[in-house]
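Topology and contacts: notes
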Amino acid sequence: MSRLPKTATVIDAAADVVATMLDFTQPADAVLSNYFRNNRELGPHERGFVADTAYAVLRRKRFLERLCGEKYTPRQLVLAALMRVQGMSQRQLSETLSAAEGKWLTEFKARPEPELTPAEQCDLPDWLYEKLAAQYSSAQRAEADGHLPLLEREGGRESVEDFESLSSHEWLLKLSRSLNQPAPLDLRVNSLKATRDEVLELLGKYRITAEPCRYAPFGIRLKEKPALSRETLFIEGKIEVQDEGSQLLGHLLQPKRGEMVADFCAGAGGKTLLLGALMRSTGRLYAFDVSDKRLAKLKPRLARSGLSNVHPAAIASENDIRIKRLAGKMDRVLVDAPCSGLGTLRRNPDLKWRQTPQSVEELTRKQAAILAAAARLVKPGGRVVYATCSLLHEENEDIVGAFLVAHEEFHRLSCGDLLRQQSIALDTGDDLRLFPHLHGTDGFYAAVLERKK
Ligand SMILES: C[S@@+](CC[C@H](N)C(=O)[O-])C[C@H]1O[C@@H](n2cnc3c(N)ncnc32)[C@H](O)[C@@H]1O
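Each value, and the rule that gives it
Residues numbered from 1 in each chain as written. Predicted model: local features only at pLDDT ≥ 70, side-chain atom pairs only at ≥ 80, totals over all residues. Heavy atoms only, no water. Helix = DSSP H or I, 4+ residues; strand = E, 2+ residues; numbered from the N terminus. Rg over C-alpha atoms; globule rule 2.2 N^0.38 Å. Buried < 20%, exposed > 50% of the residue type's maximum accessible area, 1.4 Å probe, protein only. Contact = heavy atoms within 4.5 Å. Areas by Shrake-Rupley, 256 points an atom, 1.4 Å probe, with all protein chains shown as cover. Lys, Arg positive; Asp, Glu negative; His and termini not counted. Charge placed at Lys NZ, Arg CZ, Asp CG, Glu CD. Pairing = 2+ DSSP bridges. Near = heavy atom within 4 Å. Polar contact = N/O pair within 3.5 Å; in protein donor to acceptor, adjacent residues only side chain to side chain. Nonpolar A, V, L, I, M, F, W, Y, C, P; charged D, E, K, R; others polar. Salt bridge = Lys/Arg side-chain N within 4 Å of Asp/Glu carboxyl O. Phe/Tyr/Trp six-rings, centres within 6.5 Å; stacked < 30°, edge-to-face > 60°. Lys NZ or Arg CZ within 6 Å of the ring centre and 35° of its normal. UniProt positions renumbered as here; feature names shortened; annotations may be inferred. Arc of directions from axis to C-beta. Axes fitted to C-alpha atoms, helices over the stretch in contact; angles between N-to-C directions.

The next subject is the overall build of the protein. From N to C terminus, the protein includes 23 helices and 14 strands. Here the C-alpha atoms of the protein give a radius of gyration of 23 Å, agreeing with the 22 Å that 2.2 N^0.38 yields for 453 residues. Each of the three principal axes of the protein carries a C-alpha extent, and together these read 75 × 50 × 45 Å. Residues counted as buried form 56% of the 453 residues belonging to the protein. Looking at the protein alone, contacts between residues at least 24 apart form 73% of all its contacts between residues at least 6 apart. For the protein, the computed accessible surface area is about 20,200 Å², with 50% contributed by carbon and sulfur atoms. When the 65 basic and 61 acidic side-chain charges of the protein are each reduced to a single mean position, those positions are 6 Å apart.

Structure below.
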């Protein structure tokens, strides 16, 4: 952690934000933006500090709660996170503390390390730890791990064998440690307006350190997190912010010039924009969503992108009459299904505390219904990509498995093969499974389903 912003009010601000976040009635990013809207005196550095500190508490809540003991205040959680997660010293904090807090912190520092349960070590709720541990037993991981390339990591190289020999707890510990780190900032170059080399060169001129993403052909990973919204590159629509994993889903769908394509759960259109560019702004690309509000956010992005083939349309549900009218007409359909988001904990650490086994079960019903409705759009020989940013088999493999049993007219294509054909060297078996500790992306799952001719 860099220096503490001068004013002591940042610790008060972080404690206020944490107190509201821990109600879990609103998403953490909404709590933060409301707080900043109501406290405009905080400058960018102070806002950054408040956000980083509050997210550190969310990421390591179980660990910090164990350290703090039975009774603690949000402010004590903040101080504990600053010392034990963000690595600040008591001296750095001391100017901002009351005498009583100074005393508490001295006593806190002297406490012995608590013995943590496996779920606490991973900083996951018990129900989630149990589900994931059951999923990632060595035998079940064999397929995904077997396809791993040699991985370069800080501190050395890790080989396939290093991963295969891990117990399910050790593997989960690696996964959860990477889920408990902030995500890097990835960009996607809009191939209609620029090449990746041009953008890399321009970033270099702005003194922004960047490198090509490992897998995504239009992806760029930045070293820092500069504000980009006022940069010419962004205003001119040459770049968009998009996680590398999210970009790979567009390449899996692989829509072509002149095709009929639907992005069934388009939201604010992150993937729609990539699909439109892959189609070179030709053909017809529907962007469906049940949320008007989310689709409205697509409009300014579309204007920057230069795409003219996108048709956003709000639908009432997956059974909307508009959807029914398009039955059998689509070459490609992307289902980026509403999900628990548990693969995106690097960005949304509150989700592990906000989701429950019941909320996941409700989502699975919705996912199955959306996939069945979306598949009706596809013509013979056409494809559906079913994708989520969840790590749970019940939202992923189980949904696709049940769909294939009920729909003999579809069969699964190999994601590894489809990516190889596009010179993307990423083979995780038939389905795509991305993990932050293995691939450096958010956690994603995808399966490609083709309607037989
Ligand atoms: C994972 S998000 C999509 C993110 C988006 N594809 C992107 O790349 O930015 C899932 C979306 O599904 C939408 N959704 C929920 N139920 C739906 C339904 N029955 N039909 C279509 N979309 C739905 C949600 O409003 C949400 O925007």
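Burial analysis of strand β11 (residues 378-388) places nine of its eleven residues in the buried class, the great majority of the element. Summarising the sheet, β11 and strand β14 (residues 444-451) pair through six bridges and their orientation is antiparallel. Opposite Arg383, over in β14, you have Glu450 as the bridge partner.

This part is about the site of the ligand. Surrounding the ligand, one finds 17 residues, the nearest of these being Lys271, Asp289, Arg294, Glu318 and Asp336. Interatomic distance of 3.0 Å between a backbone N/O atom of Cys265 and a nitrogen atom of the ligand. Coverage of the ligand by the protein amounts to 85% of the 600 Å² it exposes when considered alone. In terms of residue class, the shell around the ligand is built from eight nonpolar, four polar and five charged.

What follows deals with the pairing of strand β3 (residues 185-189). With respect to burial, β3 is a largely interior element, five of its five residues being buried. Along β3, one buried face is formed by Leu185, Leu187 and Val189 and the opposite face, lined by Asp186 and Arg188, is buried too. Bridge analysis of β3 against strand β5 (residues 219-222) gives four bridges, and the strand direction is antiparallel. By the bridge assignment, Leu187 is partnered in β5 with Ile220. Bridging between β3 and strand β6 (residues 239-241) involves three bridges; their strand directions are antiparallel. Bridged to Arg188 within β6 is Glu240.

A few words on the pattern of salt bridges. Under the definition given, this model contains 29 salt bridges. Asp442 serves as the salt-bridge partner of Arg346, at 2.9 Å between the closest nitrogen and oxygen. Here Asp442 lies in the loop between α23 (436-439) and β14 and Arg346 lies in the loop between β10 (330-336) and α19 (351-354), a separation of 96 residues in the sequence. Taken as a pair, Arg346 and Asp442 share a single burial class, namely buried. Note that Asp431 and Arg433 form a salt bridge whose closest N and O atoms lie 4.0 Å from each other. As far as the burial class goes, Asp431 and Arg433 line up, both buried.

This part takes up the packing of aromatic side chains. The final tally for this structure, using the stated rule, is eight aromatic pairs. Look at Tyr35 and Phe36: their rings are 6.4 Å apart centre to centre, the planes differ by 75 degrees, and that puts the pair in the edge-to-face class. Considering the side-chain rings of Trp171 and Phe435, the 5.2 Å spacing of their centres and the 85 degrees angle between planes classify their relative orientation as edge-to-face. Within this pair, whereas Trp171 is found in helix α12 (residues 168-179), its partner Phe435 is found in the loop between β13 (432-434) and α23, the two being separated by 264 residues in sequence. Accessibility classification places Trp171 together with Phe435 in one group, the buried group. Directly above the aromatic system of Trp353 lies the positively charged group of Lys61, at a separation of 4.7 Å from the ring centroid.

Here we come to unusual backbone geometry. Of note, the phi angle at Arg207 is positive, near 60 degrees, even though the residue is not glycine. With respect to the secondary-structure elements, Arg207 resides in the loop between α13 (196-205) and β4 (210-212). For Arg207, a relative accessible area of 77% puts it in the exposed group. Positive phi, normally seen in glycine, also occurs at Ser423, with a value near 60 degrees.

The next subject is the UniProt feature "domain: SAM-dependent MTase RsmB/NOP-type" (unreviewed entry) in the protein. Sites flagged by UniProt as "domain: SAM-dependent MTase RsmB/NOP-type" (unreviewed entry) map to residues 175-452. The distance separating the terminal C-alpha atoms of residues 175-452 is 37 Å; by composition the span is 36% helix and 23% strand.

Quick look at helix α7 (residues 99-109) now. Residues of α7 that are buried: Glu101, Gly102, Trp104, Leu105 and Phe108. The buried residues of α7 occupy an angular sector of 160 degrees when projected down its axis, which confines them to one face. Residues of α7 that are exposed and angled more than 90 degrees away from the buried face: Ala99, Ala100 and Lys103. Its buried side turned inward, α7 meets α4 (61-68), α5 (74-84) and α6 (90-94).

Our focus in this paragraph is the sheet that holds β6. Spatial ordering of the open sheet is given by β4-β5-β3-β6, a layout of four strands whose pairing is antiparallel. At either end of the open sheet lies a strand with only one pairing partner, and these are β4 and β6. Pairs of neighbouring strands in the sheet enclose a mean axial angle of 30 degrees, with direction left out of account. Contacting β3, β4, β5 and β6, α13 runs over the sheet at an angle of about 20 degrees to β5.

With respect to the helices and strands, the residue Arg451 is situated in strand β14. An unpaired buried charge is present at Arg451: no salt bridge exists, and Glu409, the closest side chain of opposite charge, is 4.2 Å distant. Not counting the four nearest positions on each side in its chain, Arg451 is found in contact with Ala375, Arg376, Val378, Lys379, Pro380, Gly381, Gly382, Glu409 and Phe410.

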